[in-house]
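So the chains spell out like this:
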Amino acid sequence: MPVIVNPEACNDERGALLAYLDAQRGGIRRSVYGLTEEQARSTPSASALSLAGVLKHVVTGERGWLRILQGKAPGNAKDQMAEWEHTFEPTEDETVEAMLALYDEVARETEEAVRALPSLDTTFEALRLPWDEGGTRTWRWAILHLIEELARHAGHADIIRETIDGKGAFDLVFETGAMPEPDWSILEG
């Protein structure tokens, strides 16, 4: 729980899902805040993941869901696997700044597409992939899956960032102004 989701954004199911999705995006965005490109590309933890790699992966993943939501054919499972295999490896041109700008664009397009759905019960056909048997899915399922995926990777990003410079998720929340630092004195009374 790095930030509190605004309850007013949760007046309906669609708004709640989009608000929680954006809260997880914020965790990913904050993980690279104030770092150099070299730091963001470093792999300082036991994992082979870098913050730039996590950022590229989540942008690519959400863009993939967006393509399906926009009615664009996702291709075949082999093409999907080829794209997925390189999602944690940013190229030289895929700088943190460029990926953050793309993430903003993808997030905006996702919100517009989700709000344009006639219903969250609208279905699509998911490809069969090594990690998923595929089949008919609702967009409610897809958005919840995307929130789950971003939350998992936001946790990875928290660990990587803390390994780089000791800043945890709450440090970054307060430093970036995503949430004011709480009044801890209420715990003393």
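The coordinates are above.
What you see is a predicted model, and the numbers here were worked out from it, not measured in a lab. (Residues numbered from 1 in each chain as written. Predicted model: local features only at pLDDT ≥ 70, side-chain atom pairs only at ≥ 80, totals over all residues. Heavy atoms only, no water.)

Trainee: Before we move on, could you go through the side chain of threonine 110 and cite the residues and values that matter?
Mentor: Residue position: threonine 110 is located in helix α5 (residues 96-116). A relative accessible area of 5% means that threonine 110 is categorised as buried. Here threonine 110 is in contact with Leu21, Arg25, Glu62, Leu66 and Leu69, once residues within four sequence places are set aside. (Helix = DSSP H or I, 4+ residues; strand = E, 2+ residues; numbered from the N terminus. Buried < 20%, exposed > 50% of the residue type's maximum accessible area, 1.4 Å probe, protein only. Contact = heavy atoms within 4.5 Å.)

Trainee: Would you mind going over the pairing of strand β1 (residues 123-126) in detail, with residue names and values included?
Mentor: Residues in a regular strand project their side chains so that they alternate between the two faces of the sheet. Of the two faces of β1, the one lined by Phe124 and Ala126 is fully buried and the one lined by Thr123 and Glu125 carries no buried residue. Note: β1 against strand β2 (residues 135-138), four bridges, orientation antiparallel. Residue pairing across strands places phenylalanine 124 opposite arginine 137, the latter belonging to β2. (Pairing = 2+ DSSP bridges.)

Trainee: Residue-level account of the nonpolar core, with values.
Mentor: Within the largest apolar cluster, 36 residues are counted, with the highest numbers of intra-cluster contacts made by Ile28, Leu55, Tyr103 and Trp139. Elements that contribute at least two residues to this core include exactly α1 (13-31), α3 (51-69), α5, β1 and α6 (139-165). Discounting residues that sit within four places of it in the chain, tryptophan 139 has contacts with Trp65, Ile68, Leu69, Leu117, Leu120, Thr122, Thr123 and Phe124. Ranked by size, the runner-up nonpolar core spans seven residues in total, among them Val3, Val5, Ala23 and Met179. (Core = buried A, V, L, I, M, F, W, Y, C linked by side-chain atoms within 4.5 Å.)

Trainee: With reference to specific residues and values, describe the packing of aromatic side chains.
Mentor: One pass over the full model with this rule turns up five aromatic pairs. An angle of 80 degrees between the planes, with centres 5.8 Å apart, marks the rings of tryptophan 65 and phenylalanine 124 as edge-to-face. Here phenylalanine 124 lies in strand β1 and tryptophan 65 lies in helix α3, a separation of 59 residues in the sequence. Summarising the aromatic geometry, the rings of tryptophan 65 and tryptophan 139 are spaced 6.3 Å apart at their centres and angled 80 degrees between planes, so their arrangement reads as edge-to-face. One end of the pair, tryptophan 65, is in helix α3; the other, tryptophan 139, is in helix α6, with 74 residues separating them in the sequence. The same class applies to tryptophan 65 as to tryptophan 139, namely buried. (Phe/Tyr/Trp six-rings, centres within 6.5 Å; stacked < 30°, edge-to-face > 60°.)

That is the geometry; function is a separate question.
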